[in-house]
Amino acid sequence: MPGDDDSVRGEKPLAERRLHPVTPFRRAWAPVAVLAGWAVHDPNQAQEQLTRLTTTALLLGLAVIVPGAALYGFLSWWFTHFAVTETELRIRTGLLFRRTAHIRLERLQAVDITQPLLARVAGVAKLKLDVVGTDKKDELAYLGEGEARRLRAELLARAAGFAPESAGEVGEAPVRLLLHVPPGVLAASLALTGATWGSLAAALLVPTLLWLATHSVWTVLATALPLLGAAGASSVGRFVAEYDWTVGESPDGLRIDHGLLDRTHETVPPGRVQTVRIVEPLLWRGRWVRVELDVAGSSNSVLVPVAPREVAEAVIAAVLPGVTVPASLGRPPRRARWCVPFWWRGYGLAVTDTVFAARHGLLRRRLSLVPHAKAQSVRLTQGPWERFKGLADIHLDTGAGKTVTARLRDAGEATELLQAQADRSRTGRREARPDRWMA
């Protein structure tokens, strides 16, 4: 009968695989997390309900919740399968409502491996998949660490066009080390960041003023804890997340490994980088820079947390082949000071054969580099005062949904640049290399 099995059609049966056996322990926390979320959302009601419970009722509740959570974790793991076909990765999930994700291999732009602290202890890893045209990442959590690396290499090989029978034998592409950030340099750079000292000063000053004004402990705690958390996130949190930062070059893109507690292995997709930003805080001036990215459809945003400028520019040359950072930028005309007093000196612009470079910021400089091939549209805008002073702003929209602006340019220069940039973008797209793995 038609549709009996794959053998009738002459196809090989699909070999489906399950996740690592440790996965049920991770998923069993979902019902408990729902209860915890309800308690945090309405703490007064939760406390009232708990005070009404007797010891017997509490034990009975635990006797139901714990086995129920364990059963949920086991069944959700049991009904989750994945398989790699010649053209796609299929992920089947769902206990009551079935969901099958079909991820086309040619649409893959990044396959990242993350290992939270407990996952590292258990020897497992999470595989995250960046797919063109989707905001949410599909993931496989958890796989054995070795299996995750083998599956990642197989998916990248398939996406690169290797035959299915040979993709599993290709293995991971070789990596050439480009950059390693020593922990001491990272700690020193964070200590010289204005955001760290600003958030710490606010965490100490604001609660003190509130205590003098209100003498209320709860008001002080409600203000101090978020401020201390922000101060920790801007210093300790960044140190933990960016610890042991390593950048390597491979045929499938730039590999980024980092993390002290949670270890992450990311890939910067080839040809998908829309904008590169060189950030230079005031206290780093002449010593270090930070490099950030805008990648279409990906959450990867940091390329280099801290490095000398010449090292950072070498890494930029690897992620944007053929692009060099302009040595100098043209400032706006002096009459721009009537539009933005003093701060107009922080704006700058340079246009080369390969890149549109715009700078803004006087104390914390940010230089944005947009390859001409990545410019989706270009616009000219003028406010009333800018028209009076003969000035205009040029806006470049990229494929990552971001805009790079060259502010306060001479109106005649901006009009010529508007027409010339449109031509450069069309030429750049025609000559751009294909967005393919290992191409």
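For the structure, see preceding data.
From a predicted model like this one, the values you see are computed outputs, not experimental measurements.

### Some points on helix H4 (residues 55-78)
Next up, step 1: Taking 1.5 Å per residue, 24 residues should reach 34 Å; H4 reaches 34 Å between its end C-alpha atoms and fits that length.
Next up, step 2: Residues of H4 that are buried: Ala 69, Gly 73, Ser 76 and Trp 77.

### Points about the sheet that holds strand E1 (residues 81-84)
Next up, step 1: As summarised here, the arrangement of the three strands in space is E1-E2-E3, forming an open sheet in which the pairing is antiparallel. Two strands lie at the open edges of the sheet, namely E1 and strand E3 (99-104), each paired on one side alone. Each neighbouring strand pair of the sheet contributes to a mean axis angle of 10°, computed without reference to strand direction.
Next up, step 2: Alignment of strand E2 (residues 88-93) against E3, held across six bridges, turns out to be antiparallel. The residue of E3 that forms the bridge with Ile 91 is Ala 101.
Next up, step 3: Strands E1 and E2 of the sheet are contacted by helix H6 (residues 145-159), whose axis makes an angle of about 40° with E1.

### A closer look at the pairing of strand E16 (residues 365-371)
The two faces of a sheet get side chains in turn, since along a regular strand they alternate between them.
Next up, step 1: Within E16, five of the seven residues are buried, which leaves it mostly tucked inside the rest of the structure.
Next up, step 2: Sheet analysis places strand E11 (residues 273-280) next to E16, joined by five bridges and oriented antiparallel. When the bridges of E16 are listed, Arg 277 appears paired with Ser 368.
Next up, step 3: Note: strand E15 (residues 355-360) against E16, six bridges, orientation antiparallel. Opposite Phe 356, over in E16, you have Val 370 as the bridge partner.
Next up, step 4: Linking E15 to E16, which pair antiparallel, is a turn of four residues; within it Gly 361 sits at a positive phi near 105°.

### Re the pairing of E1
Next up, step 1: Residues His 81 and Ala 83 of E1 are buried on one face, and the alternating residues Phe 82 and Val 84, pointing to the opposite face, are buried as well.
Next up, step 2: As defined by bridge partners, E1 adjoins E2 across four bridges and the pair is classed as antiparallel. Looking at the pairing, His 81 lines up with Arg 92 of E2.
Next up, step 3: Two successive antiparallel strands, E1 and E2, enclose a turn made up of three residues.

### Re empty space enclosed by the protein
Next up, step 1: Applying the stated rule across the entire model yields one cavity of 30 Å³ or more.
Next up, step 2: Reported here for the largest cavity is a volume of approximately 30 Å³.
Next up, step 3: Along its surface, the largest cavity is lined by Thr 193, Arg 238, Pro 281, Trp 284, Arg 290 and Arg 364.

### Topic: the sheet that holds strand E8 (residues 246-250)
Next up, step 1: The antiparallel open sheet is built from seven strands, whose spatial order is E6-E5-E4-E10-E9-E8-E7. In the strand order of this sheet, the two ends are held by strand E6 (138-144) and strand E7 (176-180), each with one partner. Strand-to-strand twist of the sheet, defined as the mean angle between neighbouring strand axes without regard to direction, takes the value 20°.
Next up, step 2: This element, H6, spans strand E4 (108-115), strand E5 (124-131), E6, strand E9 (253-258) and strand E10 (263-268) of the sheet and lies at about 135° to E6.

### Quick look at the packing of aromatic side chains
Next up, step 1: As enumerated under the stated definition, the model contains seven aromatic pairs in all.
Next up, step 2: With a centroid separation of 5.9 Å and an interplanar angle of 25°, the aromatic rings of Phe 74 and Trp 78 are classed as stacked. Pair noted here: Phe 74 and Trp 78 are both in helix H4, with a separation of four residues, about one helical turn.
Next up, step 3: Taking the relative accessible area as the measure of exposure, Phe 74 reaches 39% and is therefore partly exposed.
Next up, step 4: On the basis of relative accessible area, Trp 78 is assigned to the partly exposed category, the value being 37%.
Next up, step 5: By way of ring pairs, the aromatic residues Phe 74, Trp 77 and Trp 78 are connected into one cluster.
Next up, step 6: When the ring centre of Trp 77 is taken as origin, the NZ or CZ atom of Arg 18, which lies over that ring, is 5.8 Å away.

### A word on H6
The periodicity of an α-helix, 3.6 residues per turn, causes residues three or four places apart in sequence to face the same way.
Next up, step 1: The terminal C-alpha atoms of H6, which comprises 15 residues, lie 21 Å apart, in line with the 21 Å expected from a rise of 1.5 Å per residue.
Next up, step 2: Ala 148, Leu 151, Arg 152, Ala 153, Glu 154, Leu 155, Leu 156, Ala 157, Arg 158 and Ala 159 are the residues of H6 that are buried.

### Thoughts on the packing of helix H9 (residues 194-214) against helix H10 (residues 217-242)
Next up, step 1: Two numbers describe how H9 lies on H10: the axes approach to 8 Å, and their chain directions differ by 175°. On the basis of their axis angle, the class for H9 and H10 is roughly antiparallel. Together, Ala 195, Thr 196, Ser 199, Leu 200, Ala 202, Ala 203, Val 206, Pro 207, Leu 210, Trp 211 and Thr 214 of H9 and Val 217, Thr 219, Val 220, Thr 223, Ala 224, Leu 227, Leu 228, Ala 230, Ala 231, Ser 234 and Ser 235 of H10 make up the contact between the two elements.

Cut-offs applied
Residues numbered from 1 in each chain as written. Predicted model: local features only at pLDDT ≥ 70, side-chain atom pairs only at ≥ 80, totals over all residues. Heavy atoms only, no water. Helix = DSSP H or I, 4+ residues; strand = E, 2+ residues; numbered from the N terminus. Expected span 1.5 Å × (residues − 1). Buried < 20%, exposed > 50% of the residue type's maximum accessible area, 1.4 Å probe, protein only. Pairing = 2+ DSSP bridges. Axes fitted to C-alpha atoms, helices over the stretch in contact; angles between N-to-C directions. Contact = heavy atoms within 4.5 Å. 1 Å grid on protein atoms, 1.4 Å probe; cavity = no way out; pocket = protein on both sides within 12 Å on 5 of 7 lines; lining within 4 Å. Points joined across faces, edges and corners; volume = space filled by probe spheres on them. Phe/Tyr/Trp six-rings, centres within 6.5 Å; stacked < 30°, edge-to-face > 60°. Lys NZ or Arg CZ within 6 Å of the ring centre and 35° of its normal. Parallel < 35°, antiparallel > 145°, perpendicular 65-115°, else oblique.

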